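A closer look at the structure
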Amino acid sequence: MTYQEALDWIHGQLKFGIKPGLERMAWMLKELGNPQDNLKAVHIVGTNGKGSTVNALQTIFTQAGYEVGTFTSPYIIDFKERISLNGQMISEEDLLDLVNRVKPVVERLPKETEHENATEFEIITVLMFLYFGQVHPVDIAFIEAGNSGCHIECTTIFVDYVGNDCSIIYNLVFFNKYSLKFVSGKPRHNCSGKSLLC
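The model shown is predicted, which means the values in this text are computed figures rather than measured ones.

So, on to the overall build of the protein. Helix and strand counts for the protein come out as five helices and eight strands. Overall, the protein shows an N-to-C arrangement of helices and strands of α-α-β-α-β-β-β-α-α-β-β-β-β. Looking at the protein residue by residue over its 198 residues, the buried ones come to 46%. Within the protein, contacts between residues at least 6 apart in sequence are counted, and of these 75% link residues at least 24 apart. Summed over its atoms, the accessible surface of the protein is roughly 10,000 Å², and 52% of this surface lies on carbon and sulfur atoms.

As a packed pair, helix H2 (residues 23–31) and helix H5 (residues 120–135) sit with axes 11 Å apart at the nearest point and diverge in direction by 35 degrees. The two elements H2 and H5 meet at a crossing, and its hand is right-handed. For the pair H2 and H5, the contacting residues are Arg24, Met25, Met28 and Leu29 in the first and Glu122, Thr125, Val126 and Phe129 in the second. For the contact of H2 with H5, the per-class residue count stands at five nonpolar, one polar and two charged.

With that out of the way, let us pick up the environment of arginine 108. Inspection of the secondary structure assignment puts arginine 108 in helix H4 (residues 92–112). In this structure, the C-alpha to C-alpha distance between arginine 108 and methionine 28, residues 80 residues apart in sequence, is 9.0 Å. Look past the residues within four positions of arginine 108 in its chain and what remains in contact with it is Trp27, Glu31 and Thr113.

Next up on the list: the pairing of strand E1 (residues 41–45). Most of E1 is tucked away, with five of its five residues classed as buried. Strand direction decides the pairing type here: E1 and strand E5 (residues 140–144), joined by four bridges, are parallel. The residue bridging isoleucine 44 from the neighbouring strand is glutamate 144, located in E5.

The next point concerns helix H1 (residues 3–12). Every α-helix winds through 3.6 residues per turn, so residues three or four apart in the chain are directed the same way. When we look at burial in H1, the residues that qualify are Tyr3, Ala6, Leu7, Trp9 and Ile10. For H1, the arc enclosing every buried residue in end-on projection is 160 degrees, short of the 170-degree limit, so these residues lie on one face. Contacts made by the buried residues of H1 are with H4 and H5.

It is worth spelling out the nonpolar core at this point. Counting residues in hydrophobic clusters, the biggest one holds 42 residues, and the most contacted among them are Met28, Leu127, Phe129 and Ile143. Counting only elements with at least two residues in this core, the list comes to H1, H2, strand E3 (83–85), H4, H5 and E5. Ranked by residue count, the leading element in this core is H5, at nine residues. Not counting chain neighbours up to four residues away, the residues in contact with phenylalanine 129 comprise Met25, Leu29, Pro35, Gln36, Leu39, Gln134, Ile143, Cys154, Thr155, Ile157 and Phe158.

So, about the packing of H4 against H5. At a minimum axis separation of 10 Å, H4 and H5 run at an interaxial angle of 115 degrees. Considering how the two elements wind past one another, H4 and H5 form a crossing that is right-handed. Judged by residue contacts, Asp94, Leu95, Asp97, Leu98, Val99, Arg101, Val102 and Val106 of H4 engage Ile123, Val126, Leu127, Leu130, Tyr131, Gln134 and Val135 from H5. The class makeup of the residues in the contact of H4 with H5 is 11 nonpolar, one polar and three charged.

Analysis parameters
- Residues numbered from 1 in each chain as written.
- Predicted model: local features only at pLDDT ≥ 70, side-chain atom pairs only at ≥ 80, totals over all residues.
- Heavy atoms only, no water.
- Helix = DSSP H or I, 4+ residues; strand = E, 2+ residues; numbered from the N terminus.
- Buried < 20%, exposed > 50% of the residue type's maximum accessible area, 1.4 Å probe, protein only.
- Contact = heavy atoms within 4.5 Å.
- Areas by Shrake-Rupley, 256 points an atom, 1.4 Å probe, with all protein chains shown as cover.
- Axes fitted to C-alpha atoms, helices over the stretch in contact; angles between N-to-C directions.
- Left-handed = near helix turned anticlockwise from the far one by under 90°.
- Nonpolar A, V, L, I, M, F, W, Y, C, P; charged D, E, K, R; others polar.
- Pairing = 2+ DSSP bridges.
- Arc of directions from axis to C-beta.
- Core = buried A, V, L, I, M, F, W, Y, C linked by side-chain atoms within 4.5 Å.

The following block contains the structure:
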């Protein structure tokens, strides 16, 4: 498989749309050894400003000498932007290696379980967890939620590294000056942490 073929395969899963629930993610990650359990990561959730917050935190921690992984969406120019290490996109070689590991598991999902096919975003998220949790471990990862941090959204399947209260979401809102609005949040799957909000 070439890099372009791997990319075409990922994007080909877009036809499966958006599906709630974490069961598909849990099964795929278990088959890959639950790499998300190895992560020290912070979940970045909220309505606006998630991407810029991830970039700012990556810069701060990288300059402090940490190995930093980031997961963002969508990408601006290149798909590889979504999974980055110390501010640099994942290489084509590493992404191809990840797809070769994950594709057989994704294809087994609807055949060996009662679950439907995995979605494109679920597959990309699995690739990220495998990369930062197993293939190229990092000191810390900043993971941007795909749907404002909804408790059934697939990026919520890891245990957040920050705090121990996931019932509150801090939502940064912009009026004449910065202010913090406290909004009730729903507990996440296996959640023992809280999300860093923007």
